[in-house]
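Listed below are the residues making up each chain.
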Amino acid sequence: MIGRYLPIFIVLAILSEIVGTVGGFGSSVYFVPLANFFLDFQTVLGITALFHLSSNISKIALFKKGFDKKIVLNLGIPAVIFVSVGAFLSQYFNPVWLTYILGFFLIGLSLLFLIFKELRVQGTRRNAIVGGAVSGLSAGLLGTGGAIRGITLAAFKMNKDKFIATSAMIDLGVDFSRTVVYYYNGYMKYEHIYLVLILTVVGFVGTWLGKQILNRISQQQFRKFVLSLILIIGILTVLFNR
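So, a few notes on the structure that sits alongside this text. Since this is a predicted model, take the numbers as computed values, not measurements.

Each aromatic ring pair is specified by the distance between its two centres and by the angle formed by the two planes. Scanning all chains against the criterion turns up seven aromatic pairs. Between Phe9 and Phe38 the ring centres are 5.5 Å apart and the planes differ by 80°, which places this aromatic pair in the edge-to-face class. One end of the pair, Phe9, is in helix H1 (residues 6-23); the other, Phe38, is in the loop between helix H2 (28-35) and helix H3 (41-62), with 29 residues separating them in the sequence. By way of ring pairs, the aromatic residues Phe9, Phe31, Phe38 and Phe51 are connected into one cluster.

As structure tokens, then:
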């Protein structure tokens, strides 16, 4: 139980939302491994899904310069289908091993983009479908798929506001789908309802603060810091896995 560490948990959640908004990867890539230091992995999956629902509604409201409907369909439909598959399969994996997979996934992903700075995905319908499926499966199984979705969306060269709004629309469907499956898996416990209420406020506050920062700096300026942070979190996740 979080108990006396609740203020630290809230601060880390706000920072996750801010960095996730500015970096374009979404907050779960930071929130899931950080929350795992306070709660068991399956509870983290359930809370993250609910946290993201409010977070994405905030993004849609604050970044309301439109979204790309075609990309939402091409990337979002396979993402929603495969997040349900990943969420269902998560109950058959040992949470300790899922945490290790998450840690190594974050390490590999961050190193890939730190080393190959110009790595890009082509903006094709096929890549959108594949990226949606892989990001959805990752979100359902590991709690985070925003980085993969962000990589795919970057291929379509949208401006920052449209990028975030499109990503949030897709993520809204993804989070709703996995919330239903996580609930039936028993990942959501009544004693953690108060955390969901707190994180609903955190989602809006963190998104708003992230938008203010994003208005003053470019994503490229922030990219190296974001990736370095993901690398550090991945290493800590592996080293301190319970």
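This is not the end of the story, as more comes after the structure.
Here helix H8 (residues 160-185) contains 26 residues, and its C-alpha end-to-end distance of 36 Å stays within 8% of the 38 Å for a straight helix at 1.5 Å per residue. Two residues or fewer after H8 comes Gly186, characterised by a positive phi angle close to 85°.

This part takes up the packing of helix H5 (residues 95-115) against helix H6 (residues 125-142). When two helices pack together, their arrangement is given by the angle between the helix axes and the distance between those axes. Orientation of H5 relative to H6, taken along the N-to-C sense of each, is 135°, at an axis distance of 10 Å. As summarised for this structure, H5 and H6 are arranged oblique, according to the angle between their axes. Where H5 abuts H6, its residues Leu98, Ile101, Leu102 and Phe105 lie against Ser138, Leu141 and Leu142. Considering only residue class, the contact of H5 with H6 consists of six nonpolar, one polar and no charged.

Relative to the helices and strands, His52 resides in helix H3. Classification of His52 by relative accessible area gives buried; the value is 4%. A polar side-chain atom of His52 sits 3.2 Å from the main-chain amide nitrogen of Ser28. Contact partners of His52, with chain neighbours within four places excluded, come to Ser27, Ser28, Asp171, Asp175 and Arg178.

Among soluble globular proteins, nonpolar side chains are generally buried collectively. If you look at the biggest cluster of nonpolar residues, it comprises 40 residues, and the most contacted ones within it are Phe9, Phe31, Leu39 and Leu199. Per element, the largest residue contribution to this core is seven residues, and it comes from H5. Counting 16 residues, the second-largest nonpolar core is a separate cluster that includes Val22, Leu153, Ile170 and Val174.

Checked against the element boundaries, Phe240 lands in the segment after helix H10 (219-239). In the structure, Phe240 is positioned 141 residues away from Thr99 in sequence and 9.9 Å away in space, judged by C-alpha atoms.

To continue, consider the pattern of salt bridges. Summed over the entire model, instances satisfying the criterion amount to three salt bridges. Lys59 is the partner of Glu17 in a salt bridge, and the nearest nitrogen-oxygen pair spans 2.4 Å. Taken together, the residues span a long stretch of sequence, with Glu17 in helix H1 and Lys59 in helix H3 at a distance of 42 residues. Using a relative accessible area of 0% as the deciding quantity, one classes Glu17 as buried. Residue classification places Lys59 among the buried residues on the basis of a relative accessible area of 7%. A salt bridge links Arg178 to Asp175; the nearest nitrogen and oxygen atoms lie 2.7 Å apart. Highlighted residues: Arg178 and Asp175, both in helix H8, separated by three residues, approximately one helical turn.

Side chains of Leu73, Ile77, Ile81, Phe82, Val85, Phe88, Leu89, Tyr92, Phe93 and Leu137 sit close together on the surface and give an oily, nonpolar patch of about 920 Å² of accessible area. Broken down by element, the residue count for the nonpolar patch peaks at seven residues, all from helix H4 (residues 69-89). For Ile81, the location among the structural elements is in helix H4.

Here we come to H1. With 18 residues, H1 should reach 26 Å at 1.5 Å per residue; the first-to-last C-alpha distance of 25 Å fits that figure. Residues of H1 that are buried include every one of Phe9, Ala13, Ser16, Glu17, Ile18, Val19, Gly20, Thr21, Val22 and Gly23, and no others.

It is worth spelling out the packing of H1 against H2 at this point. It is the contact of H1 with H2, at a shortest axis distance of 8 Å, that shows an interaxial angle of 160°. Overall, the two elements H1 and H2 adopt an arrangement that is roughly antiparallel. Crossing geometry of H1 relative to H2 is assigned as right-handed. Between H1 and H2, the contacting residues are Phe9, Leu12, Ala13, Ser16, Val19 and Gly20 on the first element and Tyr30, Phe31, Leu34 and Ala35 on the second. In the contact of H1 with H2, the residues fall into eight nonpolar, two polar and no charged.

Reading the values: the criteria
- Residue positions are counted from 1 within each chain, in the order its sequence is given.
- Reporting in this predicted model follows two pLDDT cut-offs: at least 70 for local features of residues, and 80 or more for side-chain atom pairs to be given and counted; totals over whole chains, interfaces and linings ignore these cut-offs and use all residues.
- Side-chain numbers here rest on the full set of heavy atoms in the structure, without hydrogens or water.
- Aromatic rings from Phe, Tyr and Trp, with only the six-membered ring used for Trp, were paired whenever their centres fell within 6.5 Å, and each pair was classed as stacked if the ring planes differed by under 30 degrees, edge-to-face if by over 60, and tilted otherwise.
- Counting from the N terminus, the helices are DSSP H or I runs at least four residues long and the strands are E runs at least two residues long.
- Expected span, for any helix, means 1.5 Å times one less than how many residues it has.
- Each axis is a line fitted through C-alpha atoms, taken for helices only over the stretch in contact, and angles between the N-to-C directions span 0 to 180 degrees.
- Roughly parallel means an angle under 35 degrees; roughly antiparallel, over 145; roughly perpendicular, 65 to 115; everything else is oblique.
- Any two residues whose heavy atoms approach within 4.5 Å are treated as being in contact.
- Think of it as three bins: nonpolar holds Ala, Val, Leu, Ile, Met, Phe, Trp, Tyr, Cys and Pro, charged holds Asp, Glu, Lys and Arg, and polar takes everything else, Gly as well.
- Each residue gets one of three labels from its accessible area relative to the maximum for its type: buried under 20%, exposed over 50%, partly exposed in between, using a 1.4 Å probe on protein chains only.
- Polar contact criterion, stated in full: a pair of N or O atoms within 3.5 Å, where within protein one must be able to donate a hydrogen and the other to accept it, and residues adjacent in sequence count only if both atoms are side-chain atoms.
- To define a nonpolar core, start from buried Ala, Val, Leu, Ile, Met, Phe, Trp, Tyr and Cys residues and group those joined through side-chain atoms within 4.5 Å.
- Should a side-chain nitrogen of Lys or Arg be within 4 Å of a carboxyl oxygen of Asp or Glu, the pair is scored as a salt bridge.
- Only residues above 30% relative accessible area that lack a salt bridge enter a patch, with like-charged residues linked at up to 9 Å and the nonpolar side chains Val, Leu, Ile, Met, Phe, Trp and Tyr linked at up to 5 Å.
- Accessible surface area values rest on a Shrake-Rupley calculation with a 1.4 Å probe, where residue burial reflects the displayed protein chains alone.
- Helix crossings fall into two classes, left-handed where the near helix is turned counterclockwise from the far one by less than a right angle and right-handed where it is turned clockwise.

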